[in-house]
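Chain by chain, the residues run as shown.
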Amino acid sequence: MQILFVSLGCDKNLVDTEMMLGQLAEKGYTFTDDEAEADIAVVNSCCFIGDAKEESINTILQLAELKTEGQLKALIVCGCLAQRYKDEIQTEIPEVDAIIGTTAIDRIVETVDSVLAGKSENHLEDIDRACVYGVPRSVTTGGHFAYLKIAEGCNKRCTYCVIPSVRGNYRSIPMESLVREAKKLVENGAKELILVAQETTVYGIDLYGEKMLPELLRKLCTIEGLVWIRLLYCYPEEITKELIQVMKEQPKVCHYLDLPIQHANDEILRRMGRRTSKQELIDKIDFLRSEMPDITLRTTLITGFPGETKEQHKELLEFINDMEFDRLGVFTYSPEEGTPAAAMEHQIDEEVKLDRQAELMELQQDISAELGERRIGQELLVMIEGKVADEDAYVGRSQADAPGVDGYVFVNTPETLVSGDFVRVKITGALEYDLIGEIS
């Protein structure tokens, strides 16, 4: 019985998909990437912003058509869209046989068994149910790096965000379970672990009464064979001196932080429900760079938030120009029903949002190109990701590059390398977002 899995959305969703794959594999199910060969299709959906929602719905509809035509025996929908729009999916897309909510991924085997037996069933547990962890997992990232999800849900309640309503309140996974899973991932070939959650910086606050990310990092650093640990989704106001101290002391922890700041105008930040001011952001960035001069800072922004004026947009441009983030992504604001921001006055026209997004990204492209030029002549440790077809060259990543969102280092060499190899590379050239080098 062949199962097709489609995993949409973020890397946290991907971990859920990998856990569902692992549970099914343990029960003898096999998988295919070819929808023509599939008996069952499972869509792990996303609904974070409008584009993600649209992609999820279109994917489900395409597979529903295959089921109507008789190619598929069953269609199962999981994840955030399933949790948020369960009633609508059941009503509008009757081809869907089962819905699994965000906290019920441990029910995947019984759900598949049931739909194959002709029963239609849904598993929508309480969104604040304890995290699913410790189940079998099939890593899909190639094996030399893996995501380690350390918590579920969020307590921040930003005014534009639906995550708390589909993923629940913040729930940390016990530290001993994370260390156990990390060891297993490394035993299976992972040399880089990327820590993810809706917010990694407050890890442990619910279980232990204090932020325990520094302690978790110390324990993970003792794992033999692990080379890099990377942190994503770090809220600026929650970054402590202890966390920075651990990053400085432990060579396995990449000098890389992903800070989703969203904006730089104080009024917009306040209306977004963010917990920082522009000056606090400047102070935190200055502190990080003074403590770790080689740190790579990545951020994400939202442009076109309700009421954003030309002056506030200009202020954001000036801030980005001054801060020179190493990596930056920009979302256009998406009004999500049920969120406070969706009901705010002075919603911005889509065309204006796109223009502002383009302006921000154009500025960042110039910054990125300039920062790349400064890297020429430097020597970097690079993890090989794969070979460039028909060339004596490989593609890899340095500590400054998270997979899927940042740039690459192209390595020219006649040597034979394989994915997961680490090589020292001297940078000889720079593109807008990527670097070029040779083995030093």
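Going by the structure above, here's the rest.
Summary of the structure given here. (Residues numbered from 1 in each chain as written. Predicted model: local features only at pLDDT ≥ 70, side-chain atom pairs only at ≥ 80, totals over all residues. Heavy atoms only, no water.)

**Focus on the overall build of the chain**
Right, on to step 1. Secondary structure summary: the chain contains 14 helices and 19 strands in total.
Right, on to step 2. Radius of gyration (C-alpha) of the chain: 22 Å, near the 22 Å computed for a compact globule of 440 residues.
Right, on to step 3. Over its C-alpha atoms, taken along the principal directions, the chain stretches across nearly 60 × 60 × 50 Å.
Right, on to step 4. Burial status across the chain gives 57% buried among its 440 residues.
Right, on to step 5. Intrachain contacts of the chain at a sequence separation of at least 6 include 72% that bridge at least 24 residues.
Right, on to step 6. Roughly 18,600 Å² of accessible area belongs to the chain as shown, and the carbon and sulfur atoms make up 47% of that amount.
Right, on to step 7. Each charge class in the chain can be summarised by its mean position, and for the 46 positive and 79 negative side chains these summaries are 6 Å apart. (Helix = DSSP H or I, 4+ residues; strand = E, 2+ residues; numbered from the N terminus. Rg over C-alpha atoms; globule rule 2.2 N^0.38 Å. Buried < 20%, exposed > 50% of the residue type's maximum accessible area, 1.4 Å probe, protein only. Contact = heavy atoms within 4.5 Å. Areas by Shrake-Rupley, 256 points an atom, 1.4 Å probe, with all protein chains shown as cover. Lys, Arg positive; Asp, Glu negative; His and termini not counted. Charge placed at Lys NZ, Arg CZ, Asp CG, Glu CD.)

**As for the packing of aromatic side chains**
Right, on to step 1. Applying the stated criterion across every chain yields a total of six aromatic pairs.
Right, on to step 2. With 6.3 Å between their ring centres and 45° between their planes, Phe319 and Phe325 make a pair best called tilted.
Right, on to step 3. Residue classification places Phe319 among the buried positions, given a relative accessible area of 3%.
Right, on to step 4. Clustering of aromatic rings is evident, with ring pairs tying together Tyr160, Phe305 and Tyr333.
Right, on to step 5. Above the ring of Tyr256, the side-chain terminus of Arg230 is found at 4.6 Å from the ring centroid.
Right, on to step 6. Over the aromatic face of Tyr394 sits the side chain of Lys387, whose NZ or CZ is 5.7 Å from the ring centroid. (Phe/Tyr/Trp six-rings, centres within 6.5 Å; stacked < 30°, edge-to-face > 60°. Lys NZ or Arg CZ within 6 Å of the ring centre and 35° of its normal.)

**Brief notes about the pairing of strand S7 (residues 145-149)**
Right, on to step 1. Where burial is concerned, most of S7 is hidden: five out of the five residues are buried.
Right, on to step 2. Every second residue of S7 is oriented toward a common face, with Phe145, Tyr147 and Lys149 on one face and Ala146 and Leu148 on the other, all of them buried.
Right, on to step 3. Relative to strand S10 (residues 192-196), S7 runs parallel, the two being bridged by five bridges. The residue of S10 that forms the bridge with Phe145 is Glu192. (Pairing = 2+ DSSP bridges.)

**Observations regarding unusual backbone geometry**
Right, on to step 1. With phi around 60°, Arg157 is a residue other than glycine that occupies positive phi space.
Right, on to step 2. Take Arg157: it is sitting in the loop between strand S8 (151-152) and helix H6 (163-167).
Right, on to step 3. If you check the backbone angles, His346 has positive phi at about 60° while not being a glycine.
Right, on to step 4. On the secondary structure map, His346 appears in the loop between strand S14 (327-332) and helix H14 (350-375).
Right, on to step 5. Judged by its relative accessible area of 60%, His346 falls in the exposed class.

**Considerations on the pairing of strand S13 (residues 296-303)**
Right, on to step 1. Within S13, eight of the eight residues are buried, which leaves the element mostly enclosed by the surrounding structure.
Right, on to step 2. Of the two faces of S13, the one holding Thr296, Arg298, Thr300 and Ile302 and the one holding Leu297, Thr299, Leu301 and Thr303 are both buried throughout.
Right, on to step 3. Bridge count for strand S12 (residues 253-262) against S13 is five bridges, and the pairing is parallel. Each residue of the ladder has a partner; that of Asp258, found in S13, is Arg298.
Right, on to step 4. With six bridges connecting them, S13 and S14 associate as parallel partners.

**Here's the deal with the sheet that holds strand S17 (residues 409-412)**
In a beta sheet, neighbouring strands are held together by backbone hydrogen bonds and run either parallel or antiparallel to one another.
Right, on to step 1. With mixed pairing, five strands are arranged side by side around a closed barrel as S15-S16-S17-S19-S18. In this sheet, neighbouring strand axes are inclined to one another by 50° on average, regardless of whether the strands run parallel or antiparallel.
Right, on to step 2. Here strand S15 (residues 379-387) pairs with strand S16 (residues 393-397) via four bridges, running antiparallel. Its bridge partner lying in S16, Gly386 is registered against Val395.
Right, on to step 3. Taken strand by strand, H14 contacts S15, strand S18 (422-430) and strand S19 (435-439), and its axis lies near 115° from that of S18. (Axes fitted to C-alpha atoms, helices over the stretch in contact; angles between N-to-C directions.)

**Examining the packing of helix H12 (residues 278-291) against helix H13 (residues 310-323)**
Two packed helices can be described by the angle between their axes and the distance between those axes.
Right, on to step 1. H13 packs onto H12 with a crossing angle of 10° between their chain directions and a minimal axis gap of 12 Å. When the axis of H12 is compared with that of H13, the two are roughly parallel. From H12, Lys278, Leu281, Ile282, Ile285 and Arg289 reach across to H13, where they touch Glu315, Phe319 and Met323.
Right, on to step 2. Among the residues making up the contact of H12 with H13, the classes are represented as five nonpolar, no polar and three charged. (Parallel < 35°, antiparallel > 145°, perpendicular 65-115°, else oblique. Nonpolar A, V, L, I, M, F, W, Y, C, P; charged D, E, K, R; others polar.)

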